[in-house]
Amino acid sequence: MKSNISFILDNRVVYIDFEQERKLTPTTTVLNYLRQLPNHKGVKEGCAEGDCGACTVVIGELENNRIRYRAVDSCLIFLPMLDGKLLVTVENLKSPEGKLHPVQEAMIEQFGSQCGFCTPGIIMSMFDLYKNYVCPSRSEIEDVLSGNLCRCTGYRPIVDAALKACSYWGYDHFTEEEGKLVELLKSINKESLIIKTQLQTYFKPSSLSEALEFRNKHPNSIILCGATDVALKVTKAHELLQEIIDLSAIEELKFIEENIHEIKIGAGVVINDVRKKIIKDFPALYEMLNVFASNQIRNFATLGGNLGTASPIGDSLPVLMAYEASVELQSIEGRRVVPLNEYFVGYRKTLRKDNELITKIIIPKQNNGAVIKSYKVSKRKDLDISTLSAGFKLESRNNIVQNIILAYGGMAERPKRASETEKFLRGKSWTREVVEKAMDILQQDFTPISDVRGSAEFRRIAARNLILKFWNDTKLVD
Ligand SMILES: Cc1cc2nc3c(=O)[nH]c(=O)nc-3n(C[C@H](O)[C@H](O)[C@H](O)COP(=O)(O)OP(=O)(O)OC[C@H]3O[C@@H](n4cnc5c(N)ncnc54)[C@H](O)[C@@H]3O)c2cc1C
Ligand code: FES
Ligand code: FES
């Protein structure tokens, strides 16, 4: 067990011993760390909550002896999350000879920057694009840039710059230096980390058994995995997190296994990796994850974390309920599997006991001709929290409803199925006339509230109309 962190920055290993440091704590964000260094001021703070992308940096991790580069919002990452990784900032993009990186050159040539506040963050997202896509399409570029706001240049020249730059097959000075960087990364000790300062304990185990032991002894510790939700407690609510257990280094939580019946996704798999694996068999989940936050957030946020929030507007929850997914919980006493439909019991309350962790999500494959759709209602397509969302499943024979699931987010204190409406529809014809009656019955299932995202009235109307939309998307065509 080690007590200090090591990561690579500027081609060398940086050590931080929090017991010796006076300015840094285990919950100092990577953004705040970089801003206090003399030569890394390119990174900017806009919102400190993952919404603007001005703080974007790239993190490199060893994967099969290669380095995988991912853009992240540095305002949402705590320093210990960097342990064993490579941190790349906009200052690192120039070649050792001082030549600008192809993404920087393209940005200049296409006049992609005016005031320049957003530019370093956009350049870092473009660097992620450059390293991970060959000749990306316009929609892939828009997807990767979805977490970067620019308020004065306008996006056309920025997208043009990305189109121009990303035709070099990812080749740059990082490719030339990869062998050296891989050796540096390998030189870092990967054992479990425990940081104890006067005010905080930060535990980052490398195995599930250590995590379960710790959780059993410290049932009130704050669990985090991607920290895209937990970090806001620090950056926005200014809370002192006294005891933290960080699950992000546990390889046992990062698997995806599939057979003909189901897919099992480890709780620590990040949303962008889930997305890649579910395109074919789980299109409704795929559609939902395409409008989930931004590229930077999806690169760190996990599926387990989305369930862990138990938020009534967690986007994956209604659609996972429509797939009749289950969640596996584990503690030192053993493991159990709970259907998601029974898992949420109140506002941010679930059946998970204090000493349990979410370890996997199990989603059955649909073999009976069932149709599943997902819908997200928000003020804009990208990087917006849902006002309401839905996951619907229809099984019908000869246009008679055999089974139907209508799961909603944002309509109650928890993700919830419209059980009265479902009951009414079972056994009935799947016709517009019947669906319009069902829309009236939906009033009995929910009493939504008004908040900043939408009024109760708006939610009621939108929820009704989503059933009609579902019927329209699934009706038999003459
Ligand atoms: C700008 C922004 C935009 C966002 N947009 C969306 C969006 O469009 N849709 C959406 O649904 N969410 C969104 N979120 C919320 C957040 O990104 C997601 O909920 C994400 O999936 C959380 O995953 P994480 O790994 O980062 O969780 P963390 O922040 O690490 O943890 C979240 C919660 O889950 C618990 N937890 C995590 N892992 C486990 C585990 N294995 N076992 C038990 N408990 C666990 C933690 O204790 C914590 O309470 C957004 C957040 C931000 C900042
Ligand atoms: S400062 Fe806005 S996303 Fe980090
Ligand atoms: S160049 Fe000014 S905000 Fe983008």
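Description of the structure in this document. (Residues numbered from 1 in each chain as written. Chains lettered and ligands numbered in written order. Predicted model: local features only at pLDDT ≥ 70, side-chain atom pairs only at ≥ 80, totals over all residues.)

### Here's the deal with the sheet that holds strand E16 (residues 357-364)
Point 1. Reading across from one edge, E10-E11-E16-E12-E13 is the order of the five strands in this open sheet, with antiparallel pairing throughout. Two strands lie at the open edges of the sheet, namely strand E10 (256-258) and strand E13 (334-339), each paired on one side alone. The mean inter-strand angle of the sheet, taken between neighbouring strand axes irrespective of direction, is 20 degrees.
Point 2. As defined by bridge partners, E10 adjoins strand E11 (residues 262-266) across three bridges and the pair is classed as antiparallel. Looking at E11, one finds that Glu258 is bridged to Ile263. (Pairing = 2+ DSSP bridges. Helix = DSSP H or I, 4+ residues; strand = E, 2+ residues; numbered from the N terminus. Axes fitted to C-alpha atoms, helices over the stretch in contact; angles between N-to-C directions.)

### Topic: the sheet that holds strand E6 (residues 193-196)
Point 1. The strand order across the open sheet formed by four strands is E6-E7-E9-E8, and the pairing between neighbours is mixed. Sheet topology places E6 and strand E8 (222-224) at the edges, where each strand pairs with a single neighbour. For this sheet, the mean inter-axis angle between neighbouring strands, taken without regard to orientation, is 15 degrees.
Point 2. Pairing of strand E7 (residues 201-204) with strand E9 (residues 243-246) involves three bridges; the strand directions are parallel. Across the sheet, Tyr202 pairs through a bridge with Ile244, a residue of E9.

### Describing the packing of helix H3 (residues 119-132) against helix H5 (residues 155-165)
Point 1. Running from amino to carboxyl end, H3 crosses H5 at an angle of 35 degrees, the nearest separation of the two axes being 10 Å. When the axes of H3 and H5 are compared, the crossing they make is right-handed. From H3, Ile122, Met126, Leu129 and Tyr130 reach across to H5, where they touch Ile158, Ala162 and Ala165.
Point 2. Along the lines of polarity and charge, the residues of the contact of H3 with H5 split into seven nonpolar, no polar and no charged. (Left-handed = near helix turned anticlockwise from the far one by under 90°. Contact = placed C-beta atoms within 7 Å. Nonpolar A, V, L, I, M, F, W, Y, C, P; charged D, E, K, R; others polar.)

### A short note on the packing of helix H2 (residues 102-109) against H5
Point 1. For the pair H2 and H5, the least separation of the axes is 8 Å and the interaxial angle reads 135 degrees. Judged by the angle between their axes, H2 and H5 are oblique. Where H2 crosses over H5, the two elements pack in a sense that is right-handed. Touching Pro102, Val103, Ala106 and Met107 of H2 are Ala161, Lys164 and Ala165, all from H5.
Point 2. Across the contact of H2 with H5, the residue classes tally to six nonpolar, no polar and one charged. (Parallel < 35°, antiparallel > 145°, perpendicular 65-115°, else oblique.)

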